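Coordinate analysis (summary)
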Amino acid sequence: MSLKRPIDYGLEKLNGMINDMIDLAGKALEISIESILTRTDNVEEVRKLSDQLMFIMDETGELAVQLIARFQPVASDLREIKSAIQVSYDFSRIGRYAANIAEITKMIPEEGCDFTSIRELSQIVLEMVREAGKAYLNKDLKKADKLRSMDDQVDKLYAESIKHLIQMGGKINTACLLSIALILRYLERIADHACYIADATSYMITGRKY
Amino acid sequence: MSWAIEVQNLNVWYGDKHIIKNVSFRVPKNVIFAIMGPSGCGKSTLLRAMNRLLDLNPHARVEGQVKINGINVYGDNVDVTWVRRQFGMVFQIPNPFPHLSIYENVALGPKLNGLVKDKSQLDELVKQALQKAYLWDEVKNDLRKPASMLSGGQQQRLCIARALALKPRIILMDEPTANLDPVASSKIEELLLELKEDYTIIIVTHNPQQAARVSDYVAFLYMGELIEIGETSTVFTRPSNILTEKYVLGRMG
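Let us now look at the sheet that holds strand β5 (residues 71-72) of chain B. All names here are of chain B. If you trace the four strands from one edge of the open sheet to the other, you get β2-β1-β4-β5, paired in antiparallel fashion. Bordering the open sheet on either side are β2 (17-28) and β5, each of which pairs with just one other strand. The pairing of strand β1 (residues 3-14) with strand β4 (residues 60-68) spans seven bridges and is classified as antiparallel. Residue Q8 lies in a different strand from β4, and its bridge partner there is Q65. Sheet contacts for helix α1 (residues 43-50): β1, β2 and β4; angle to β1, the most-contacted strand, approximately 120°.

Here is the structure:
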């Protein structure tokens, strides 16, 4: 067992912060989806999680700058720090989109909305967020690859669902239609950010651009 | 592409100890080429093999080729004095002639080698060399004073001026800042970046951060073997060999 280098203490702290962000972002998304599907207004709770994510993102950036200034990191150390800055932004965006989704709850009419597409898409997207976190923390290149193919699946499902909504235009409640369209859009954006996390993970491991 | 120096299958032994193991690389002109590696990896030996300084060591045996402008310095009819003249060399501990004046330290080489016709030409050459070494402004009023009155950093720049006065093609530097404080070290590093306009510089360093700061290309030497060579920006962002990675991360040993 070799001694820890001075920079290792900082890198561990950075990873701890990302770990917290993974939990918070997953929780925010889960609650916001539940908020929609059960029409319970949880927006304050999700906003709080989103604010926490923004706060940790700032802290992450601050620590990253300190580590660069103090240790002049190179090679995998440097790539890890760059990736941490990137993924902390992605997780904070996921938190914002989750809050946006929760905010839609009050727009939804009492009855008559079919959330099948949201149910389906949100399941994949939630899994993507969790898997992105695991891929990053475990430096798992295979998992990062898998996330990119999951994103293709999301894009396809999103396109089909929107097409369906257009066909339903005039046949269903406008508030319903708009709510579903917006939520689908936010979910698709969240999947993109999970994919960016996968890209940052792959870069951190290999040094190549994805 | 024409190369400043080409090293091919170079092997060096001290007695029966194999120090440099089949090393090959090429250095483009007008670049700073750093050789980095842990203590005892053979960096200084590799440098001394280039200008045949190892000839002076009776226990050293060299095989392979070192080519400057296509000429193998170990070739049969090659004059060792000509070889040494192609290189300027700067060492870890500043080694000016302490009792000679600042002026004489620079003037001695050109005088001994008959590079100048008269006093005014010599004055001009000394001035140019001191200017190129960014020392002129600090010493122009003290040219007749002994070199030993200078600070360590100034002495090292005087050694660089002394090397430049002989108009070499390549400057070899063996840990040139190892004995200097950070401010004097930065001055030397700034100077290197200026000098590469006119010369090719090969610098040995056991400080990977210094290689990262100043070099264009870097080679990593470990236990006499050339482990990795490449553009500095690549080697310090994504080294291709795990040993290089460990070394630049400070995880080695």
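Our focus in this paragraph is unusual backbone geometry. Negative phi is the rule for most residues except glycine; trans is the rule for most peptide bonds. Residues and elements named next belong to chain B. We note that N9 has phi near 45°; this positive angle belongs to a residue other than glycine. For N9, the position within the fold is in strand β1. Its relative accessible area of 42% is what places N9 among the partly exposed residues. One non-glycine residue with positive phi stands out, namely R52, at about 60°.

Another point: the interface of chain A and chain B. The partner chain B presents ten residues to the twelve residues of chain A that form the contact. Here chain A meets chain B over a buried area of about 880 Å², counting both sides, of which 48% is carbon and sulfur. Looking at the side of chain A facing chain B, the largest losses of area belong to A:R5, A:V74 and A:A75, adding up to 50% of the total buried there. With a shortest N-O distance of 3.5 Å, A:D8 and B:R251 are connected by a salt bridge. The interface formed by chain A and chain B contains five residue pairs in polar contact (both at pLDDT 80 or more). The dominant element in the side of chain A that touches chain B, judged by the number of residues it contributes, is helix α3 (residues 75-104) of chain A, at five residues. Taken together, the residues of the side of chain A that touches chain B break down into three nonpolar, four polar and five charged.

The subject of this paragraph is the layout of surface pockets. If you roll a probe as big as a water molecule over the atoms, it shows you where there is empty space left. Residues and elements named next belong to chain B. In this model, the largest pocket occupies a volume close to 570 Å³. Those elements that place two or more of their residues in the lining of the largest pocket are α2 (80-86), β6 (87-90), α3 (102-112) and α6 (152-164). The element best represented in the lining of the largest pocket is α3, accounting for four residues. Grouping the constituent residues of the lining of the largest pocket by class yields ten nonpolar, seven polar and three charged.

Moving on, we come to the pairing of strand β9 (residues 217-222) of chain B. Residues and elements named next belong to chain B. As paired strands, strand β3 (residues 32-36) and β9 are joined by four bridges and run parallel to one another. Following the sheet pairing, M36 is matched in β9 by F220. Where β9 lies against strand β10 (residues 225-231), six bridges are found, and the strand directions are antiparallel. Bridging from a neighbouring strand, A219 pairs with I229 of β10. Between β9 and β10, which pair antiparallel one after the other, the connecting turn spans two residues, and M223 there sits at a positive phi close to 50°.

Before going further, it helps to examine the packing of α3(B) against helix α4 (residues 119-132) of chain B. All names here are of chain B. The interhelical angle for the contact between α3 and α4, taken along N-to-C directions, is 120°, at an axis separation of 9 Å. Overall, the two elements α3 and α4 adopt an arrangement that is oblique. In this structure, the crossing between α3 and α4 has a hand that is right-handed. Across the interface between the two elements, Y103, V106, A107, P110 and K111 from α3 touch K119, L122, D123, L125, V126, A129 and L130 from α4. Its residues placed into classes, the contact of α3 with α4 shows nine nonpolar, no polar and three charged.

Residue and element names in this part refer to chain B. An order of β6-β7-β8-β3-β9-β10 is seen for the six strands of this open sheet, with the pairing classed as mixed. Of all strands in the sheet, those with a lone pairing partner are β6 and β10, marking the two edges. On average, each strand axis in the sheet is tilted by 15° relative to the strand beside it, whichever way the strands run. Contacting β3, β6, β7 (170-174), β8 (200-205) and β9, α1 crosses the sheet at an angle of about 155° to β7. Strands β3, β9 and β10 of the sheet are contacted by helix α10 (residues 242-249), whose axis makes an angle of about 100° with β9.

Residue and element names in this part refer to chain A. One pass over the full model with this rule turns up one disulfide over all chains. For C113, the disulfide goes to C176, at an S-S distance of 1.6 Å. Pair noted here: C113 is in the loop between α3 and α4 (116-137) and C176 is in helix α6 (residues 174-206), with a separation of 63 residues, a long-range link. Neither C113 nor C176 differs from the other in exposure class; each is buried.

This brings us to a nonpolar patch on the surface. Residue and element names in this part refer to chain A. Together, M107, L178 and L182 give the surface a local cluster of nonpolar side chains, amounting to about 240 Å² of exposed area. Inspection of the secondary structure puts L182 in helix α6. Residue classification places L182 among the partly exposed positions, given a relative accessible area of 32%.

Residues and elements named next belong to chain B. Relative to the assigned elements, L192 resides in helix α7 (residues 182-195). Considered as a pair, L192 and I203 are eleven residues apart in the sequence and their alpha carbons are 9.6 Å apart. Those residues within four positions of L192 in sequence are excluded, and the remaining contacts are I32, M173, I201, I203 and V214.

What counts, and where the lines are drawn
Residues numbered from 1 in each chain as written. Chains lettered and ligands numbered in written order. Predicted model: local features only at pLDDT ≥ 70, side-chain atom pairs only at ≥ 80, totals over all residues. Heavy atoms only, no water. Pairing = 2+ DSSP bridges. Helix = DSSP H or I, 4+ residues; strand = E, 2+ residues; numbered from the N terminus. Contact = heavy atoms within 4.5 Å. Axes fitted to C-alpha atoms, helices over the stretch in contact; angles between N-to-C directions. Buried < 20%, exposed > 50% of the residue type's maximum accessible area, 1.4 Å probe, protein only. Buried area = accessible area lost by both parts, 1.4 Å probe. Salt bridge = Lys/Arg side-chain N within 4 Å of Asp/Glu carboxyl O. Polar contact = N/O pair within 3.5 Å; in protein donor to acceptor, adjacent residues only side chain to side chain. Nonpolar A, V, L, I, M, F, W, Y, C, P; charged D, E, K, R; others polar. 1 Å grid on protein atoms, 1.4 Å probe; cavity = no way out; pocket = protein on both sides within 12 Å on 5 of 7 lines; lining within 4 Å. Points joined across faces, edges and corners; volume = space filled by probe spheres on them. Parallel < 35°, antiparallel > 145°, perpendicular 65-115°, else oblique. Left-handed = near helix turned anticlockwise from the far one by under 90°. Disulfide = S-S within 2.5 Å. Patch = residues over 30% accessible without salt bridge, like charges linked within 9 Å, V, L, I, M, F, W, Y side chains within 5 Å. Areas by Shrake-Rupley, 256 points an atom, 1.4 Å probe, with all protein chains shown as cover.

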